[in-house]
Amino acid sequence: MTEVFATADLIDAHGDILASCETQFRTYGGRDMFHGPIATIKCHEDNALVKEQLNQPGEGWVLVVDGGGSLRTALMGDLIAKAAFDNGWAGVIIYGGVRDVAELGKLDLGIKALGSNPRKSGKTGAGYLDIPVAFGNVLFTPEAWVYSDQDGIVISDEKLDLPGR
């Protein structure tokens, strides 16, 4: 999704019906602003499900990955991120680490993560798909909507009308 919006404007317009993620993420992708319906994964130091999901058609969705906040391994690198871009995902939010940071910045894809680590993750497929995940004092529910820009991340139970800029 490439519509222009600001999360601050969304909070001003919609107030308490929106949740605002308190976790401070770093931006790694080439797209600072992205939004879409949420798909979720909960995994720990194992990116097999992340790779599997991002190799499926994304149709403008945002994958939210609860990696337990671990920065011991990366849950996404350049090859998986390129697959996400090629498959039409709007963005990926990882409560954990990424790698191949220089290459991630070249992709027109929204990518937020806690940090980076060059270490590969496990590949056993351990984890859960499409369950509510929580971090930053926010619950990310599959099929809710997420809006992300340089100010932060907000979540709505439904798609919002975006105020004109």
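All values reported here derive from a predicted model rather than from experimental measurement. (Residues numbered from 1 in each chain as written. Predicted model: local features only at pLDDT ≥ 70, side-chain atom pairs only at ≥ 80, totals over all residues. Heavy atoms only, no water.)

Caption draft 1: Here's a closer look at unusual backbone geometry. Although it is not a glycine, Glu59 adopts a positive phi angle of roughly 50°. Here Glu59 is to be found in the loop between helix H2 (48-54) and strand S4 (62-66). Its relative accessible area of 65% is what places Glu59 among the exposed residues. Despite not being glycine, Asp130 has its phi angle at roughly 55°, a positive value. Among the structural elements, Asp130 can be located in the loop between strand S8 (128-129) and strand S9 (133-135). (Helix = DSSP H or I, 4+ residues; strand = E, 2+ residues; numbered from the N terminus. Buried < 20%, exposed > 50% of the residue type's maximum accessible area, 1.4 Å probe, protein only.)

Caption draft 2: View of the packing of aromatic side chains. Counted under the stated rule, the structure contains five aromatic pairs. Ring geometry for Phe25 and Phe135: centres 5.9 Å apart, planes at 65°, overall edge-to-face. Here the residue Phe25 occupies a position in the loop between strand S1 (19-20) and strand S2 (26-27), and Phe135 occupies one in strand S9, the gap between them amounting to 110 residues. Judged on exposure class, the residue Phe25 and its partner Phe135 are both buried. These aromatic residues form a ring-pair network of at least three members: Phe25, Tyr95, Phe135 and Phe140. (Phe/Tyr/Trp six-rings, centres within 6.5 Å; stacked < 30°, edge-to-face > 60°.)

Caption draft 3: Inspection of the nonpolar core at higher detail. Ranked by size, the top nonpolar core spans 23 residues in total, and within it Leu54, Leu63, Val65 and Met76 carry the most contacts. Among the secondary structure elements, those contributing two or more residues to this core are strand S3 (34-42), H2, S4, strand S5 (74-76), helix H3 (78-86), strand S6 (91-98) and strand S7 (110-116). Grouped together as the second largest cluster of nonpolar side chains are 16 residues, Cys21, Ile93, Phe140 and Val146 included. (Core = buried A, V, L, I, M, F, W, Y, C linked by side-chain atoms within 4.5 Å.)

Function cannot be inferred from these measures alone, as they are strictly geometric.
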